[in-house]
Amino acid sequence: MRAVLLAASLLALLAGCSEKPAPAGVQGDPERGRIALAQHACRACHMIPGVTGSEVYVGRTLEDLGDRQYIGGKLPNNQANLVRWIRDPQAIDPGTAMPAMGVSERDAVDMSAYLLTLKK
Ligand code: HEC
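Keep in mind it's a predicted model, so treat the numbers as computed, not measured. (Residues numbered from 1 in each chain as written. Predicted model: local features only at pLDDT ≥ 70, side-chain atom pairs only at ≥ 80, totals over all residues. Heavy atoms only, no water.)

(A) Focus on the layout of surface pockets. What the largest pocket holds in volume is close to 550 Å³. Around the largest pocket, the lining comprises 26 residues; the ones closest to its centre are H46, G59, L62, W85 and M98. When contributions to the lining of the largest pocket are tallied by element, the ones reaching two or more residues are strand 1 (70-71), helix 3 (79-87) and helix 5 (105-115). Take the lining of the largest pocket: its biggest share by element is three residues, from helix 3. Each residue belonging to the lining of the largest pocket can be placed in one class, and the counts come to 20 nonpolar, four polar and two charged. (1 Å grid on protein atoms, 1.4 Å probe; cavity = no way out; pocket = protein on both sides within 12 Å on 5 of 7 lines; lining within 4 Å. Points joined across faces, edges and corners; volume = space filled by probe spheres on them. Helix = DSSP H or I, 4+ residues; strand = E, 2+ residues; numbered from the N terminus. Nonpolar A, V, L, I, M, F, W, Y, C, P; charged D, E, K, R; others polar.)

Structure below.
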């Protein structure tokens, strides 16, 4: 019984270590966001650390999104604007090659929470 408890707490500890906390003031669940980024195939166009896929250069790499000042060269980079961009990029930049992908508000919040942890 003791061994089981020990194993369980070790697992919890390990799981905790692999997950980056959301940056201060950011809402949502970054780990859930990482999974949502994979499920919505954002990786088809963007390289995203922690989300596996091949080398692609359709959209730029999102590896340093947490450091970026602007999203799509237009909007100040903050969580609310990221959610807007992820849900409907065409509304912000009608010429962008990024399609609206039917992402729910909650998924977009979680995705942005993960993307904002990505810094060089
Ligand atoms: C069909 C290709 C494609 C898909 C799929 C795609 N994007 Fe994009 N994305 C682009 C292009 C093109 C741009 C605009 C130019 C750029 O940043 O390279 C862009 C821009 C962005 C930006 C702004 C980057 C910056 O630094 O300005 C973010 C954030 C982003 N995409 C997130 C996502 C997320 C999250 C998903 C999945 C829901 C996704 N993209 C799916 C092509 C795509």
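(B) Main features of the site of the ligand. Every one of the 22 residues lining the ligand counts as a neighbour, but C42, C45, H46, G72 and M98 are closest to it. For the ligand, an oxygen atom lies 2.7 Å from a polar atom in the side chain of R68. Taking G72, its main chain carries an N or O atom lying 2.5 Å from an oxygen atom of the ligand. Applying the majority rule of atoms within 2 Å of the grid points places the ligand in the largest pocket. Contributions of two or more residues to the shell around the ligand are made by strand 1 and helix 3. Per-element tally for the shell around the ligand: the top contributor is helix 3, with three residues. The residue inventory of the shell around the ligand, partitioned by class, reads 16 nonpolar, four polar and two charged. (Near = heavy atom within 4 Å. Polar contact = N/O pair within 3.5 Å; in protein donor to acceptor, adjacent residues only side chain to side chain. Sits in = over half its atoms within 2 Å of the grid points.)

(C) Region of the structure containing the coordination of the iron atom of the ligand. On the protein side, the iron atom of the ligand has H46 (NE2) and M98 (SD) as donor atoms, found 1.9 to 2.1 Å from it. Here the iron atom of the ligand binds six donor atoms, and the angle range of 86 to 178° at the metal identifies the geometry as octahedral. A residue pair is termed long-range when its members are at least 10 positions apart, and H46 in the loop between helix 2 (30-39) and strand 1 and M98 in the loop between helix 4 (89-92) and helix 5 qualify at 52 residues. Its relative accessible area of 14% is what places H46 among the buried residues. (Donors = N, O, S within 2.8 Å, 3.2 Å for Na, K, Ca; no water. Tetrahedral: all angles 85-135°; square planar, octahedral: opposite > 155°, others 65-115°. Buried < 20%, exposed > 50% of the residue type's maximum accessible area, 1.4 Å probe, protein only.)

(D) Here's a closer look at the pattern of salt bridges. A full pass over the atoms with the stated rule returns seven salt bridges. For the salt bridge of K120 with E63, the shortest nitrogen-to-oxygen distance reads 3.2 Å. Within this pair, whereas K120 is found in the segment after helix 5, its partner E63 is found in the loop between helix 2 and strand 1, the two being separated by 57 residues in sequence. Exposure remark for K120: the relative accessible area of 69% places this residue in the exposed category. (Salt bridge = Lys/Arg side-chain N within 4 Å of Asp/Glu carboxyl O.)

(E) Here's a closer look at the side chain of T117. Following the sequence through the fold, T117 ends up in the segment after helix 5. Since its relative accessible area comes to 11%, T117 is described here as buried. The contact partners of T117, leaving out residues within four places of it in the chain, are K20, P21, A22, P23 and P30. (Contact = heavy atoms within 4.5 Å.)

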